[in-house]
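So you can see what is in the structure, the chains are spelled out below.
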Amino acid sequence: MSSPIGLHRVVEPAGVLPQAALRLDPSPAIAADEVRIRVQRLNLDAASYRQLADAHHGDGERIRAAVMGIIESRGKMHNPVTGSGGMLIGVVEEAGPDSPLGLRAGDRVATLVSLTLTPLAVTDGLKDWDGLGEQVPCDGHAILFARSIAAVLPGDVDPQLALAVLDVCGAPALVARCLRERPAARVAVLGAAGKSGSLALAAAKGTVRVGVVRDDTERARLAGTGLAEHVVVADARDAVGLAAALDAVGGPADLTVVCVDVPGCEHAAILATAPGGTVVFFSMATSFPAAALGAEGLAADVTMLIGNGYVPGHAEYALGLLRSDSAVRRLLQARLEPRLADWAT
């Protein structure tokens, strides 16, 4: 009997949810409430890709072999070090008669649930991927459960660009929700020139926006787009240095959004946030114990939110920003060509 949350696909250990499982069953035969997708491209989570690239010293062949090994051994793309995965695009091959997702055979879709809980089998050995970027062309199949989420790709947006946006569409939607519920005068985005960072800035239009980037290359990329009133170069792992950089452009933020893909940014984000402010951790590299203990140790009166990637209407909202904000579109298009030395969330 199938489970709407995929319990029947868990191979080991029995009884856990698919995301927590060590291994899933990616068999192509579907239950009545499942959907099978012919996979065309994976989008690896930025923190996961960075970890793999660092571990294999930027060797594309070894990165590719590592990703293939994870998928084959786990029946899903679930990086055992970072605990993160990504998402995919493909074409619906078959939809069970009881599936509530509203998908039909032939629909080209992006999954809006993590690859860490999506049964996945790759049949081409990732032969068309050089290992040097987060987007992975491939052939295979994936299974969606009744409680999964997917979006039909719009016809007016390049599929690779849509994949990049939908991979992080929870970030701008959560920023917009935070600003509706608790208006802020100043918003700081760490990792502001990346995918989720630039969309978060676009969602914060109407506030004083501070884009924090890691180097002059990123500053040049972001400056002149109009997405931020201030662009500062600072190491997001250096709490004291980041606080000083923000002081130079007006002080701490009412809302701080963490979009970087490296660990160790928790204390800096907290110190960058004004008393009574909010920190959104939209990064799989975040240590939530470090964030909680850091806030306690700094006696920081801040609200901390986990950016879980889902907000109702998040896909439509992010695509709307892409269509309406030419600066975001240009920035994301420029990032589509992968560069091993130019990682960002």
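Residues numbered from 1 in each chain as written. Predicted model: local features only at pLDDT ≥ 70, side-chain atom pairs only at ≥ 80, totals over all residues. Heavy atoms only, no water.

Visitor: Which parts of the structure should I look at to understand the overall build of the chain?
Guide: Scanning the chain from N- to C-terminus turns up eleven helices and 14 strands. A globule of 345 residues ought to have a C-alpha radius of gyration of about 20 Å, and the chain, at 20 Å, matches this closely. Along the longest, intermediate and shortest principal axes, the C-alpha atoms of the chain span 60 × 40 × 40 Å. Each of the 345 residues in the chain was classed as buried or not, and the buried ones make up 57%. Summed over its atoms, the accessible surface of the chain is roughly 14000 Å², and 54% of this surface lies on carbon and sulfur atoms. Here the chain carries 30 positive and 38 negative side-chain charges, and the mean point of each set is 3 Å from the other. (Helix = DSSP H or I, 4+ residues; strand = E, 2+ residues; numbered from the N terminus. Rg over C-alpha atoms; globule rule 2.2 N^0.38 Å. Buried < 20%, exposed > 50% of the residue type's maximum accessible area, 1.4 Å probe, protein only. Areas by Shrake-Rupley, 256 points an atom, 1.4 Å probe, with all protein chains shown as cover. Lys, Arg positive; Asp, Glu negative; His and termini not counted. Charge placed at Lys NZ, Arg CZ, Asp CG, Glu CD.)

Visitor: Got a minute to help me understand the layout of surface pockets in this structure?
Guide: A water-sized probe rolled over the atoms picks out the places where empty space is left. In this model, the largest pocket occupies a volume close to 1100 Å³. Around the largest pocket, the lining comprises 42 residues; the ones closest to its centre are V113, S114, L117, N308 and G309. Elements represented by at least two residues in the lining of the largest pocket include exactly α1 (46-55), β4 (86-95) and α3 (159-167). Each residue belonging to the lining of the largest pocket can be placed in one class, and the counts come to 20 nonpolar, 16 polar and six charged. (1 Å grid on protein atoms, 1.4 Å probe; cavity = no way out; pocket = protein on both sides within 12 Å on 5 of 7 lines; lining within 4 Å. Points joined across faces, edges and corners; volume = space filled by probe spheres on them. Nonpolar A, V, L, I, M, F, W, Y, C, P; charged D, E, K, R; others polar.)

Visitor: Before we go on, may I ask you to explain the packing of aromatic side chains in this structure?
Guide: Applying the stated criterion across every chain, the model contains one aromatic pair. Ring centres of F281 and F288 lie 6.4 Å apart, and the angle between their planes is 85°; this geometry places the pair in the edge-to-face category. (Phe/Tyr/Trp six-rings, centres within 6.5 Å; stacked < 30°, edge-to-face > 60°.)

Visitor: What exactly am I supposed to notice about the sheet that holds strand β3 (residues 35-44) here?
Guide: Either a parallel or an antiparallel arrangement is found when strands of a sheet pair, and the pairing is made through backbone hydrogen bonds. Judged by pairing direction, the sheet is antiparallel, and its six strands sit side by side in the order β6-β7-β3-β4-β5-β8 without closing on themselves. At either margin of the open sheet sits one strand with a lone partner, and together these are β6 (120-122) and β8 (150-152). On average, each strand axis in the sheet is tilted by 35° relative to the strand beside it, whichever way the strands run. As judged from the nine bridges shared by β3 and β4, these two strands associate in the antiparallel manner. What sits directly across from V35, in β4, is A95. (Pairing = 2+ DSSP bridges. Axes fitted to C-alpha atoms, helices over the stretch in contact; angles between N-to-C directions.)

Visitor: What's the story with the packing of helix α10 (residues 314-324) against helix α11 (residues 326-335) in this structure? I'm lost.
Guide: Interhelical geometry of α10 versus α11 gives an angle of 100° and a closest axis separation of 5 Å. If you check the angle between α10 and α11, you find them roughly perpendicular. For the pair formed by α10 and α11, the contact residues are L322, R323 and S324 on the first element and S326, R329 and L332 on the second. In the contact of α10 with α11, the residues fall into two nonpolar, two polar and two charged. (Parallel < 35°, antiparallel > 145°, perpendicular 65-115°, else oblique. Contact = heavy atoms within 4.5 Å.)

Visitor: For this particular structure, what's the right way to read the pairing of strand β13 (residues 273-281)?
Guide: Consecutive side chains along a regular strand alternate between the two faces of the sheet. With seven of nine residues buried, β13 lies mostly within the body of the structure. In the sheet, strand β12 (residues 253-258) pairs with β13 via five bridges, with the strands oriented parallel. Its bridge partner lying in β13, T256 is registered against V279. The parallel pair β12 and β13 is bridged by helix α8 (residues 266-271), and the resulting crossover is right-handed. Across four bridges, β13 lies against strand β14 (residues 303-306) in parallel orientation. (Right-handed = clockwise from strand over helix to strand, strands pointing away.)

Function-wise, these values are silent; they only describe arrangement.
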